[in-house]
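# Tertiary structure, described
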Amino acid sequence: MIPLHPVAATGFDRAADVYATSRPGYPDAIVDWMRDRLGIVPGRTVLEIGAGTGKFTGSLVRTGAAILALEPIAAMLDHLVADFPGVRPLVGQAEAIPLPDASVDAVVCATAFHWFATPAVMAEIRRVLKIGGALGLVWNLRDESVGWVEQLSALTNAHQGTALRERADAWRDVFPAEGFSPLEESEWPYAHLGMVEDVVVGRTLSTSFIATLSAEARADVVAQVRDLIAATPELQRDPVAFPYVTKGYDCRRIA
């Protein structure tokens, strides 16, 4: 088994509880996208890689398909199992998917693919996908055209490090991928509504590289976030809306 990136392994294990309560879901339109673009409908089987606590799994459940949820971090998967008892959990990694060849109709990764985007993983996804099966990649991206969101990103990303920043942007390098059609892109606006403690403070603490900081350093980040909240009139009430842009990418196994 290939070791998980230490920031992901430690950060998501520590932050599993706050991740479950503070991370955004996904826009309703993503369900139609999965049905229309990925062919995820009743009678089909879909594998979700990097399923985490099940933030995207709820959207998958709405398609009526049979769902397999692959996740390497047990603390994250525990949340998913509790919330979605009808989903079959799989403990494992994208580099060695514990499924037979050509056994699923679609594969999806939601806000996860950048952690394991390699040619070897694409070959493994191709192995488990049926010919004609779809791969869907989804990300919730902060809408940094909004001033306070840009400021929040700046203060949290100061702790990210160059290697993680490059990883976040490098997933496209595996495309075009052997045996797959070209990527198609879709986009939707999305707002995460909730209490400011959850959608702003908790969301910050759920970030992997923030969760790996020392307790003192995390407290300093929280203090900075609270200062930003205090200086931002639109964050002075509950609930608040954290704006995102959700992007979806899809391709199909053609050989």
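These lines cover the structure that appears in this document, whether it is placed above or below.

Conventions and cut-offs
Residues numbered from 1 in each chain as written. Predicted model: local features only at pLDDT ≥ 70, side-chain atom pairs only at ≥ 80, totals over all residues. Heavy atoms only, no water. Helix = DSSP H or I, 4+ residues; strand = E, 2+ residues; numbered from the N terminus. Rg over C-alpha atoms; globule rule 2.2 N^0.38 Å. Buried < 20%, exposed > 50% of the residue type's maximum accessible area, 1.4 Å probe, protein only. Contact = heavy atoms within 4.5 Å. Areas by Shrake-Rupley, 256 points an atom, 1.4 Å probe, with all protein chains shown as cover. Lys, Arg positive; Asp, Glu negative; His and termini not counted. Charge placed at Lys NZ, Arg CZ, Asp CG, Glu CD. Core = buried A, V, L, I, M, F, W, Y, C linked by side-chain atoms within 4.5 Å. Axes fitted to C-alpha atoms, helices over the stretch in contact; angles between N-to-C directions. Left-handed = near helix turned anticlockwise from the far one by under 90°. Pairing = 2+ DSSP bridges.

Looking only at helices and strands, one finds 11 helices and seven strands in the chain. In terms of overall size, the chain behaves like a compact globule, its C-alpha atoms giving a radius of gyration of 18 Å where 255 residues would be expected to give roughly 18 Å. Dimensions of the chain along its principal axes, counting C-alpha atoms only, are 55 × 35 × 35 Å. Taking all 255 residues of the chain together, the buried fraction comes to 52%. Considering only residue pairs separated by 6 or more positions, the chain has 77% of its internal contacts joining residues 24 or more positions apart. Carbon and sulfur atoms make up 53% of the accessible area of the chain, which amounts to about 11,300 Å² in all. The averaged location of the 31 negative side-chain charges in the chain is 5 Å from the averaged location of its 22 positive side-chain charges.

Structurally, Glu124 can be placed in helix α6 (residues 119-128). Judged by its relative accessible area of 13%, Glu124 is buried. Residues within four places of Glu124 in sequence aside, it is in contact with Ala94, Glu95, Ala96 and Ile97.

In this section: the nonpolar core. Ranked by size, the top nonpolar core spans 31 residues in total, and within it Leu47, Ile49, Phe113, Ile125 and Phe175 carry the most contacts. Put simply, the parts of the chain that give this core at least two residues each are β1 (45-49), β2 (66-71), β4 (104-110), α6, β5 (129-142) and β7 (240-252). Once residues lying within four places of it in the same chain are set aside, the contact partners of Leu47 are Leu68, Leu70, Leu90, Ile97, Leu99, Val104, Ala106, Val107, Val108 and Val128. Residues Leu38, Val46, Ala51 and Phe84 belong to the second largest nonpolar core, which totals 24 residues.

On to helix α7 (residues 147-157). Buried within α7 are the following residues: Trp148, Val149, Leu152, Ser153, Leu155 and Thr156. On the buried face of α7, the contacting elements are β5, α9 (196-205), α10 (208-211), α11 (215-230) and β7.

In this section: the packing of α9 against α11. Axis separation between α9 and α11 bottoms out at 10 Å; the angle between their running directions is 145 degrees. Read as a crossing pair, α9 and α11 show a hand that is right-handed. Within the contact between the two elements, α9 uses Val196, Glu197, Val200, Val201, Thr204 and Leu205 and α11 uses Arg218, Val221, Val222, Val225, Arg226 and Ile229.

Moving on, we get to the sheet that holds β4. Spatial ordering of the open sheet is given by β3-β2-β1-β4-β5-β7-β6, a layout of seven strands whose pairing is mixed. Every other strand in the sheet has two partners, leaving β3 (88-91) and β6 (184-194) as the edge strands with one partner each. Taking the axes of each pair of neighbouring strands and ignoring which way they run, one obtains an average angle of 20 degrees across the sheet. Strand direction decides the pairing type here: β4 and β5, joined by six bridges, are parallel. The partner of Val107 across the bridge, within β5, is Leu135.

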